[in-house]
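So you can see what is in the structure, the chains are spelled out below.
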Amino acid sequence: MGCQRGIARLTLECAIDTALSPLGAVVVRCLASHVRKSAEPALLELAQIRGWPLRFYSPEALAGVAVPTPSARVAGEVGTPSVAEAAARLAADGGELLVAKQRHQGIDGTSVTVAVAHWRQR
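Residues numbered from 1 in each chain as written. Predicted model: local features only at pLDDT ≥ 70, side-chain atom pairs only at ≥ 80, totals over all residues. Heavy atoms only, no water.

*Asks:* Can you lay out the side chain of Glu85 for me, pointing to particular residues and giving the numbers?
*Replies:* Structurally, the position occupied by Glu85 is in helix 5 (residues 84–91). Here Glu85 is buried and forms no salt bridge, its nearest opposite-charge partner Lys101 lying at an N-O distance of 5.4 Å. Non-local contacts of Glu85, meaning those with residues more than four positions away in its chain, are made with Val67, Pro68, Thr69, Leu97, Ala100, Lys101 and Ala115. (Helix = DSSP H or I, 4+ residues; strand = E, 2+ residues; numbered from the N terminus. Buried < 20%, exposed > 50% of the residue type's maximum accessible area, 1.4 Å probe, protein only. Lys, Arg positive; Asp, Glu negative; His and termini not counted. Salt bridge = Lys/Arg side-chain N within 4 Å of Asp/Glu carboxyl O. Contact = heavy atoms within 4.5 Å.)

Given below as structure tokens:
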């Protein structure tokens, strides 16, 4: 996932739940994002509450992943054309995307982008 600084935990929860809802019963193995989000309070709190491990990736690692919807704007801001989709694929050991990036705007005015990948069991 990719998110704005200072995002509310409720915004993250709503975005994740919305992305997962059409998939039915799934097991979330982890949350993954850009290394810049490794100290984001709402993300850390959500992971702790739900018992989900966190994984963070460098812009170089994220930029090396092929994704269906890269963004030049994101590349200019964080050094990689994809955060949500690339992080999801990396965390899933290269698994295919089940949900391409979805942008969610919270009532707090911040936004989050969520993508979901199928974990590729080796």
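*Asks:* Summarise helix 1 (residues 9–20); cite the residues concerned and give the values.
*Replies:* Given a rise of 1.5 Å per residue, 12 residues ought to cover 16 Å, and the 16 Å separating the end C-alpha atoms of helix 1 matches this to within 8%. Considered for burial, the residues of helix 1 that qualify are Thr11, Leu12, Glu13, Ala15, Ile16, Ala19 and Leu20. Buried-residue contacts for helix 1 involve strand 1 (2–3), strand 2 (31–34), helix 2 (41–50), strand 4 (97–105) and strand 5 (111–117). (Expected span 1.5 Å × (residues − 1).)

*Asks:* Let's hear about the sheet that holds strand 4: which residues, and what values?
*Replies:* Spatially, three strands are ordered 1-5-4 in an open sheet, and the strand pairing comes out antiparallel. What marks the edges here is a single partner per strand, and that holds for strand 1 and strand 4. Relative to strand 5, strand 1 runs antiparallel, the two being bridged by two bridges. Among the inter-strand pairings, Gly2 is bridged to a residue of strand 5, identified as Thr113. Contacting strand 1, strand 4 and strand 5, helix 1 crosses the sheet at an angle of about 35° to strand 5. (Pairing = 2+ DSSP bridges. Axes fitted to C-alpha atoms, helices over the stretch in contact; angles between N-to-C directions.)

*Asks:* Provide a residue-level description of the packing of aromatic side chains, including the pertinent values.
*Replies:* As enumerated under the stated definition, the model contains zero aromatic pairs in all. Lying across the ring of Trp119, Arg29 places its NZ or CZ 3.5 Å from the centre. (Phe/Tyr/Trp six-rings, centres within 6.5 Å; stacked < 30°, edge-to-face > 60°. Lys NZ or Arg CZ within 6 Å of the ring centre and 35° of its normal.)

*Asks:* Can you explain the packing of helix 1 against helix 2? Please cite residues and give values.
*Replies:* Running from amino to carboxyl end, helix 1 crosses helix 2 at an angle of 60°, the nearest separation of the two axes being 9 Å. As summarised for this structure, helix 1 and helix 2 are arranged oblique, according to the angle between their axes. By crossing handedness, the relation of helix 1 to helix 2 is classed as right-handed. Note on element contacts: helix 2 touches helix 1 through Ala42, Leu43, Glu45, Leu46, Ile49 and Arg50, opposite Arg9, Leu12, Glu13, Ile16 and Asp17. For the contact of helix 1 with helix 2, the class distribution of residues is six nonpolar, no polar and five charged. (Parallel < 35°, antiparallel > 145°, perpendicular 65-115°, else oblique. Left-handed = near helix turned anticlockwise from the far one by under 90°. Nonpolar A, V, L, I, M, F, W, Y, C, P; charged D, E, K, R; others polar.)

*Asks:* Tell me about the pattern of salt bridges, residues and numbers included.
*Replies:* Taken as a whole, this structure holds six salt bridges when the rule is applied. Two residues, Arg9 and Glu45, come together in a salt bridge whose shortest N-O distance is 2.7 Å. Here Arg9 is found in helix 1, whereas its partner Glu45 is found in helix 2, with 36 residues between them in sequence. Ionic pairing is found between Glu13 and Arg50, a salt bridge with its closest N-O pair at 3.9 Å. Residue Glu13 is located in helix 1, and its partner Arg50 is located in helix 2; the two are separated by 37 residues in the primary sequence.

*Asks:* I'd like to hear about the pairing of strand 5, residue by residue, with values.
*Replies:* Side-chain direction in a regular strand flips from residue to residue, so the side chains alternate between the two faces of the sheet. Counting buried positions over the seven residues of strand 5 gives six, a clear majority of the element. Pairing geometry for strand 4 and strand 5, over six bridges, is antiparallel. Looking at strand 5, one finds that Gln105 is bridged to Ser111. The hairpin turn running from strand 4 into strand 5, its antiparallel successor, is five residues long, and Gly109 in that turn takes a positive phi close to 90°.

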